[in-house]
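Here is how the chains run, residue by residue.
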Amino acid sequence: MALQLYLDLNSQPCRSVYIFAKKNNIAFEFKSVSLTEGQQYSEEFEKVNLLKRVPALKDGDFTLAESVAILKYLAGKYKTPDHWYPADLQKRARVDEYLAWQPTTIRFNASRLYMFKGLLPLLTGQPIPADKIDEAVSDLQASIRSLEDKFLQDKPFIAGREVSLADLVAIVELMQPLGVGFDPFKDRPKLSSWRDRVVAALGKELFDEANEKMLKSVENSSNLDVKSPTTQRLAISLKKAYM
């Protein structure tokens, strides 16, 4: 049975898995799971991932959740080039260091801003207070400063001279606010230069393809039935996570 990846490209972790598999010519069947339509709550998907989250992987009888675990599994199984997840202990530790740091910093803060300026107002019919948005912007900027000062420093990439899983995970998260009109790269020459190097390493065509849906996600979600039980369930979940 072919490798199956359950993805919604509106999701940052899904895009990291999609880009990694495509970039490394890993053959897979794309299994679409629409988060805004609540397909992650279906009985069919629950058989793949009891956590009801994407991305998810199915490789024969083996299933796997969580994007970082999936990325490392793919890197190991398909023996992708060493720079993605280096065999050298200290180089690998640098990748792992960033991957361990980012969920509550870059990921949370970029996602929060995206939700505040885009999805949550659509789902609830209520604008997010300006002070909440200002707080989200401030928190994201603080996380970006840490990314630049601690992790990137004067290196071409987070783990050294070549692109790695750390850069891939970072770039998909930092792209998310662009979907609601906020540019985290503005007035940040170091971050912008890093972005350009990462995009070149991944391939611009693949990168643009992976991000196309997300950049139009708010527009495409404008016809959601906000009164449906599925949409209300999603709204409650997002408010609990980000408010």
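Residues numbered from 1 in each chain as written. Predicted model: local features only at pLDDT ≥ 70, side-chain atom pairs only at ≥ 80, totals over all residues. Heavy atoms only, no water.

### What to know about helix α8 (residues 189–202)
- With 14 residues, α8 should reach 20 Å at 1.5 Å per residue; the first-to-last C-alpha distance of 20 Å fits that figure.
- Listing the buried residues of α8 in full gives Leu191, Ser192, Trp194, Val198, Val199 and Leu202. Looking straight down α8, one finds its buried side chains confined to an arc of 160°; they lie on one side. Opposite the packed face of α8, turned more than 90 degrees from it, sit the exposed residues Pro189 and Ala200. (Helix = DSSP H or I, 4+ residues; strand = E, 2+ residues; numbered from the N terminus. Expected span 1.5 Å × (residues − 1). Buried < 20%, exposed > 50% of the residue type's maximum accessible area, 1.4 Å probe, protein only. Arc of directions from axis to C-beta.)

### Thoughts on the environment of Asn25
- Positionally, Asn25 belongs in the loop between α1 (12–23) and β2 (29–32).
- With 55 residues separating them along the chain, Asn25 and Thr80 place their C-alpha atoms 9.4 Å apart.

### A short note on the pattern of salt bridges
- By the definition in use, this model includes 14 salt bridges.
- Across the salt bridge formed by Lys31 and Glu29, the nearest N and O atoms sit 3.6 Å from each other.
- In this structure, Arg107 and Glu173 form a salt bridge, with 3.0 Å as the shortest nitrogen-oxygen distance. Placement of the pair is Arg107 in helix α5 (residues 106–124) and Glu173 in helix α7 (residues 165–175), with a sequence separation of 66 residues.
- Classification of Glu173 by relative accessible area gives buried; the value is 2%.
- Each of Arg94, Glu97 and Lys150 takes part in salt bridges that share partners, so that together they form one network. (Salt bridge = Lys/Arg side-chain N within 4 Å of Asp/Glu carboxyl O.)

### Quick notes on helix α6 (residues 130–152)
- The end-to-end C-alpha separation of α6 is 31 Å, in line with the 33 Å expected for 23 residues at 1.5 Å each.
- What α6 keeps buried is the set Ile133, Ala136, Leu140, Ser143, Ile144, Leu147, Glu148, Phe151 and Leu152.
- On its buried face, α6 sits against α4 (89–101), α5, α7 and α8. (Contact = heavy atoms within 4.5 Å.)

### Structural notes on the packing of α7 against α8
- Closest axis-to-axis distance for the α7/α8 pair is 11 Å, and the angle between their directions is 115°. Regarding the angle of α7 to α8, the classification is roughly perpendicular. For the pair α7 and α8, the sense of crossing is left-handed. Of α8, the residues touching α7 (which contributes Asp167, Leu168, Ala170, Ile171 and Leu174) are Leu191, Trp194, Arg195, Val198 and Leu202.
- For the contact of α7 with α8, the per-class residue count stands at eight nonpolar, no polar and two charged. (Axes fitted to C-alpha atoms, helices over the stretch in contact; angles between N-to-C directions. Parallel < 35°, antiparallel > 145°, perpendicular 65-115°, else oblique. Left-handed = near helix turned anticlockwise from the far one by under 90°. Nonpolar A, V, L, I, M, F, W, Y, C, P; charged D, E, K, R; others polar.)

### Side note on the nonpolar core
- Membership of the largest hydrophobic core comes to 75 residues, with the highest contact counts inside it found for Phe20, Tyr98, Ile171 and Trp194.
- Contacts of Tyr98, omitting those with residues within four sequence positions, involve Ile106, Leu147, Phe151, Ile158, Ala166 and Ala170. (Core = buried A, V, L, I, M, F, W, Y, C linked by side-chain atoms within 4.5 Å.)

### Description of the side chain of Thr36
- As for its position among the elements, Thr36 is in the loop between β2 and α2 (43–46).
- Residue class for Thr36 comes out buried when judged on its relative accessible area of 17%.
- Here Ser34 takes part through its side chain, which lies 3.5 Å from a polar atom of the side chain of Thr36. (Polar contact = N/O pair within 3.5 Å; in protein donor to acceptor, adjacent residues only side chain to side chain.)

### Notes on the sheet that holds strand β1 (residues 4–7)
- A sheet is described by the order of its strands in space; here four strands give the open sequence β2-β1-β3-β4, paired in mixed fashion. Each edge of the open sheet is held by one strand with a lone partner, namely β2 and β4 (62–65). Taken over all neighbouring pairs, the strand axes of this sheet differ in orientation by 20° on average, direction set aside.
- One ladder, built from four bridges, connects β1 with β2; its direction is parallel. Note on β2: the bridge partner recorded for Gln4 is Glu29.
- On top of the sheet, α1 reaches β1 and β2; it is set at about 145° to β1, its chief contact.
- Along the sheet face, helix α3 (residues 67–77) touches β3 (56–59) and β4 and points at about 130° away from the line of β4. (Pairing = 2+ DSSP bridges.)

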